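Overview (structure and organization)
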Amino acid sequence: SASTGQFYTVVSELVGVACGAVSEQESADDLDDGQGRTVGSVTDAEVLDAALDAFAEEGFAGTSVRSLARSIGVHHNHIPQRFGSKERLWYAAVDHGFRVIRRDLLSLNDAPFPDDLARLRAGIVRYVEINAMRPAMLRIINQEAVLGGERLEYLFTAFIEPVNVFGGDLLRQLESKGKVRTDS
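Per chain, residue numbering runs from 1 following the sequence as it is written. Confidence filtering applies because this is a predicted model: local features only for residues at pLDDT of at least 70, side-chain atom pairs given and counted only at 80 or more, and all residues used for totals across whole chains, interfaces and linings. Side-chain measures here rest on the full set of heavy atoms in the structure, leaving out hydrogens and waters.

**Thoughts on the pattern of salt bridges**
Just to be clear on terms, a salt bridge is a Lys or Arg side-chain nitrogen sitting within 4 Å of an Asp or Glu carboxyl oxygen. Tallied over the entire structure, the rule returns nine salt bridges. With its nearest N and O atoms 3.2 Å apart, the salt bridge here joins Arg 134 to Asp 49. Residue Arg 134 is located in the loop between α6 (116–133) and α7 (136–147), and its partner Asp 49 is located in helix α2 (residues 44–62); the two are separated by 85 residues in the primary sequence. Across the salt bridge formed by Arg 103 and Asp 104, the nearest N and O atoms sit 3.2 Å from each other. Since its relative accessible area comes to 51%, Arg 103 is described here as exposed. Secondary structure elements follow DSSP: runs of H or I no shorter than four residues count as helices, runs of E no shorter than two count as strands, and numbering proceeds from the N terminus. Residue exposure (1.4 Å probe, protein chains only): buried if accessible area is under 20% of the type maximum, exposed if over 50%, otherwise partly exposed.

Right under this line is the structure:
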């Protein structure tokens, strides 16, 4: 059974650690520095970027944390030790992805615009550019929309709905000024 297989995997890993077995890939560079980063290896942001790409490419069910760890060159236990379960990794990865998008969009706040319509246009263009450069988030949203469930609910509540509310408010303001016409 799957739980028996998981048990044997955990036991074999513990035996390997207890016996001091370290492969060529599993060097001291892969040990946690106590601050949430690996020493001489990859940062949490790099792990989360790689996780986003894996979840976007393979979907939640198809993503293997062990394969992800191998692809970024860290010990297979590093990711579970840092982020816990695959589900917690997924949440951390999408939070990270949306933080990056938000940061990139907020850079528009410092730019001068003649009016709110120009700001809206620039925001839409920048959003499209960001998602073209980093399509993983849209791919994950599309996958979760097909599946439904708690992860989609989280995406909607935490990220999609607030953007829709903000965009709707701005459009209503622009409509009241006669700058745009909405058909809602």
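**Remarks on the packing of helix α5 (residues 86–106) against α7**
Structural elements are reduced to axes, namely lines fitted to C-alpha atoms, with helices fitted over the stretch in contact, and the angle between N-to-C directions of any two is expressed from 0 to 180 degrees. The contact between α5 and α7 brings their axes to 10 Å, and the two run at 130°. In terms of orientation, α5 lies oblique with respect to α7. Judged by the sense of rotation from one axis to the other, the crossing of α5 with α7 is left-handed. For the pair α5 and α7, contact is made by Trp 90, Val 94, Gly 97, Phe 98 and Ile 101 and by Met 137, Ile 140, Ile 141 and Glu 144, respectively. The class makeup of the residues in the contact of α5 with α7 is seven nonpolar, one polar and one charged. In what follows, roughly perpendicular refers to angles from 65 to 115 degrees, roughly parallel to angles under 35, roughly antiparallel to angles over 145, and oblique to any angle outside these ranges. Left-handed describes a crossing whose near helix is turned anticlockwise from the far helix through less than a right angle; right-handed describes the clockwise counterpart. Only heavy atoms enter the contact rule, under which two residues are in contact if any of them lie within 4.5 Å. Under the scheme applied here, ten amino acids are nonpolar (Ala, Val, Leu, Ile, Met, Phe, Trp, Tyr, Cys and Pro), four are charged (Asp, Glu, Lys and Arg), and all others, including Gly, are polar.

**Notes on the nonpolar core**
Side chains of nonpolar character tend, in soluble globular proteins, to be buried together. Buried residues of nine kinds, namely Ala, Val, Leu, Ile, Met, Phe, Trp, Tyr and Cys, make up a nonpolar core once their side-chain atoms join them within 4.5 Å. Ranked by internal contacts, the top residues of the largest apolar core, which has 32 residues, are Ile 79, Leu 89, Trp 90, Ile 140 and Leu 155. Looking at this core, the elements that each hand over two or more residues are α2, α3 (65–72), α4 (78–83), α5, α7 and α8 (150–176). Examining the composition of this core, we find that nine residues originate from one element, α2, more than from any other. Each residue touching Ile 140, except ones within four places of it in the same chain, is listed here: Leu 52, Phe 55, Ala 56, Trp 90, Val 94 and Leu 155.

**Details of α7**
With 12 residues, α7 should reach 16 Å at 1.5 Å per residue; the first-to-last C-alpha distance of 17 Å fits that figure. On its buried side, α7 packs onto α2, α5 and α8. Just beyond α7, the residue with positive phi is Gly 148, at close to 70°. By definition here, a helix of n residues has an expected span of 1.5 Å times n minus one.

**Observations concerning the packing of aromatic side chains**
Stacked, edge-to-face and tilted are the three classes for Phe, Tyr and Trp ring pairs, Trp counted by its six-membered ring, which pair at centre distances within 6.5 Å; planes under 30 degrees apart are stacked, over 60 edge-to-face, the rest tilted. The final tally for this structure, using the stated rule, is five aromatic pairs. Judged by centre distance (3.9 Å) and plane angle (15°), the ring pair of Phe 98 and Phe 159 falls under stacked. One end of the pair, Phe 98, is in helix α5; the other, Phe 159, is in helix α8, and 61 residues separate them in sequence. Note on Phe 98: relative accessible area 12%, which makes it buried. Ring centres of Tyr 154 and Phe 159 lie 5.8 Å apart, and the angle between their planes is 85°; on these two criteria the pair is classed as edge-to-face. Taking relative accessible area as the criterion, Phe 159 reaches 16% and is therefore assigned buried.

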